[in-house]
Amino acid sequence: MFEFLVRRAFVSGITLVIISVIVFAGVRMIPGDPARVLGGTDADPAGLEEIREKYGLKDPLPVQYLRWLRLAVQGDLGESIRTRQSVAWTVAKKLPITIELAGFSLLIALAIAIPAGVFAAVRRNTVWDVLASGVSLCGVSIPNFWLGIMLILLISVRLGWLPASGFVPPTESLLDNVRRMLMPAFVLGTGLAAVLMRQTRNAMIEVLSADYVRTARSKGLAGGTVVIRHALRNGLIPVVTILGLQMGALMGGAVVTEQIFVLPGFGRLIVEAVFTRDYPIVQGVVLITASSYVLINLLVDVSYTLLNPRIRIRGTADGG
């Protein structure tokens, strides 16, 4: 296990370096002059040159990249060109909001997808299976922005049950925080649930036809025991893979959902930074998002060995 983690950590480090190069180069390809954005339309050439000199915008790109990478490794992601605030401090304010939204969405998705997927697999080719698959297809097909707007019109405008937008920190009011998070979390959670439900159904159908499941049934074990204790554990392995990828996407910030419900998370931050040509903010947010993807994928790989110890045995044998 230790050798496996070392290898994965090394690969993750190389991946992050490659991503950092792509992020740095991609941000520099955004049209517009950040010095002009910072100085305003009335700035004179001398003022623009002073801004470029102060922020190192006149240095060659390799020099700018190495300087940024050296500071990023030390935890210094630079200073926002627009607000003059630390990028790390700005991200620290936005990150908990996105993490909370992703966590709520994940809970909603798992609560819907796992039971529905298992039930559809057990009742394969019945009306319940067709109904669950149809609902799942609808969940994948419905755009988040449309569902979000419809929920606001119905739940907030017509019925007045929940606030339409905004964010209240849980430290101020836990109840108001949950009430404002329910609708955006449901919008993201239903889309994720549709993907997970279909994957759970397909994985469970395959596992339920395995020899060891038929053996367990031949021994007289109850159907629920066979499904939960023997089939579900192995059936969750491909589901965990999809979940890891989707969780990375959620951590990246659901731009559309955060815009609709006016949540000041990663999504809105990256949109504002791109429009204002705020290079340090864009680089910092994308780098942290990429790091979250790498970390989540590492956790997914480790979870495989917990769900199925044979994966760990094979991995150790291959490494030896």
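Residues numbered from 1 in each chain as written. Predicted model: local features only at pLDDT ≥ 70, side-chain atom pairs only at ≥ 80, totals over all residues. Heavy atoms only, no water.

Colleague: How would you summarise the overall build of the protein chain if you had to cite specific residues and measurements?
Modeller: A count of helices and strands for the protein chain gives 14 helices and zero strands. For the protein chain, with 320 residues in total, the buried portion stands at 40%. Sequence-distant contacts, at least 24 apart, represent 72% of the contacts inside the protein chain between residues at least 6 apart. With the model as given, the accessible surface of the protein chain reaches about 17,300 Å², and the carbon-plus-sulfur share is 67%. (Helix = DSSP H or I, 4+ residues; strand = E, 2+ residues; numbered from the N terminus. Buried < 20%, exposed > 50% of the residue type's maximum accessible area, 1.4 Å probe, protein only. Contact = heavy atoms within 4.5 Å. Areas by Shrake-Rupley, 256 points an atom, 1.4 Å probe, with all protein chains shown as cover.)

Colleague: Can you explain the packing of aromatic side chains? Please cite residues and give values.
Modeller: To describe a pair of aromatic rings, you give the distance between the ring centres and the angle between the ring planes. All chains considered together, the criterion is met by two aromatic pairs. Aromatic pair Phe24 and Tyr65: ring centres 5.5 Å apart, planes at 70°, arrangement edge-to-face. Remark: Tyr65 occurs in helix α4 (residues 61-73) and Phe24 occurs in helix α1 (residues 2-28); sequence separation between them is 41 residues. In terms of burial, Phe24 and Tyr65 fall into one category: buried. Between Phe119 and Trp128, the aromatic rings sit 6.2 Å apart at their centres with planes inclined by 75°, giving edge-to-face as the arrangement. You can call Phe119 partly exposed: its relative accessible area is 38%. (Phe/Tyr/Trp six-rings, centres within 6.5 Å; stacked < 30°, edge-to-face > 60°.)

Colleague: Before we move on, could you go through the environment of Ile22 and cite the residues and values that matter?
Modeller: Tracing the backbone shows Ile22 in helix α1. As for Ile22 and Leu287, which are separated by 265 residues in sequence, their C-alpha atoms are 10.0 Å apart.

Colleague: Could you give me a rundown of the pattern of salt bridges, with the residues and numbers involved?
Modeller: Here the structure, examined in full by the defined rule, presents one salt bridge. One salt bridge connects Arg179 with Asp176, and the closest N-O pair in it is separated by 4.0 Å. Here Asp176 and Arg179 lie together in helix α8 (residues 174-208), a separation of three residues that amounts to about one turn. Classification of Arg179 as partly exposed rests on a relative accessible area of 28%. (Salt bridge = Lys/Arg side-chain N within 4 Å of Asp/Glu carboxyl O.)

Colleague: Pulling in residues and values, what's your account of helix α6 (residues 127-141)?
Modeller: A rise of 1.5 Å per residue sets the reference length of α6, with its 15 residues, at 21 Å; its end C-alpha atoms lie 21 Å apart and thus fit the reference within 8%. For α6, every residue scored as buried is listed here: Asp129, Ala132 and Ser136. One face of α6 carries all of its buried residues, which in axial projection span an arc of 70°. In α6, the exposed residues that point more than 90 degrees away from the buried face are Val127, Val130 and Val135. Contacts made by the buried residues of α6 are with α5 (87-122) and α8. (Expected span 1.5 Å × (residues − 1). Arc of directions from axis to C-beta.)

Colleague: Break down the confidence of the model for the protein chain for me, with residues and values.
Modeller: Of all residues in the protein chain, 80% attain a pLDDT of 70 or more, and the chain-wide mean is 77. Here helix α14 (residues 309-319) stands out as the element of the protein chain with the lowest mean pLDDT, 48, in contrast to helix α7 (residues 144-158), whose mean of 88 is the highest. When the criterion is pLDDT under 50, residues 313-320 qualifies, and its contacts beyond four places in sequence or with other chains add up to two contacts. (pLDDT = per-residue confidence, 0-100.)

Colleague: Go over the environment of Ile288 with me, naming the residues and quoting the values.
Modeller: Along the chain, the position of Ile288 falls in helix α13 (residues 279-307). Here Ile288 falls in the partly exposed class, since its relative accessible area comes to 26%. As for Ile288 and Leu95, which are separated by 193 residues in sequence, their C-alpha atoms are 9.7 Å apart. When near neighbours in sequence (up to four residues on either side) are disregarded, Ile288 contacts Leu77, Val91 and Phe266.

Colleague: So what's going on with the nonpolar core? Which residues, and what values?
Modeller: Nonpolar side chains in soluble globular proteins tend to end up buried together. Formed by 40 residues in total, the largest nonpolar core has its most connected members in Met183 and Leu196. Elements with a minimum of two residues in this core: α5, α7, α8, α10 (223-251) and α13. Among the elements that take part in this core, α8 stands out by supplying 12 residues, more than any other. The contacts of Leu196, once residues within four sequence positions are left out, are Ala109, Leu110, Ala113, Val239, Ile242 and Leu243. Membership of the second largest hydrophobic core comes to 18 residues, among which are Trp68, Ala273, Val282 and Val285. (Core = buried A, V, L, I, M, F, W, Y, C linked by side-chain atoms within 4.5 Å.)

Colleague: Give a description of the packing of α6 against α8 that names residues and reports values.
Modeller: Close contact between α6 and α8 brings their axes to 8 Å; oriented N to C, the two are set at 140°. The angle between the axes of α6 and α8 places the two elements in the oblique class. Judged by the twist between their axes, the crossing of α6 over α8 is left-handed. Contacts between α6 and α8 involve Asp129, Ala132, Ser133, Ser136, Leu137, Gly139 and Val140 from the former and Gly191, Ala194, Val195, Met197, Arg198 and Arg201 from the latter. When grouped by side-chain class, the residues that make up the contact of α6 with α8 number six nonpolar, four polar and three charged. (Axes fitted to C-alpha atoms, helices over the stretch in contact; angles between N-to-C directions. Parallel < 35°, antiparallel > 145°, perpendicular 65-115°, else oblique. Left-handed = near helix turned anticlockwise from the far one by under 90°. Nonpolar A, V, L, I, M, F, W, Y, C, P; charged D, E, K, R; others polar.)

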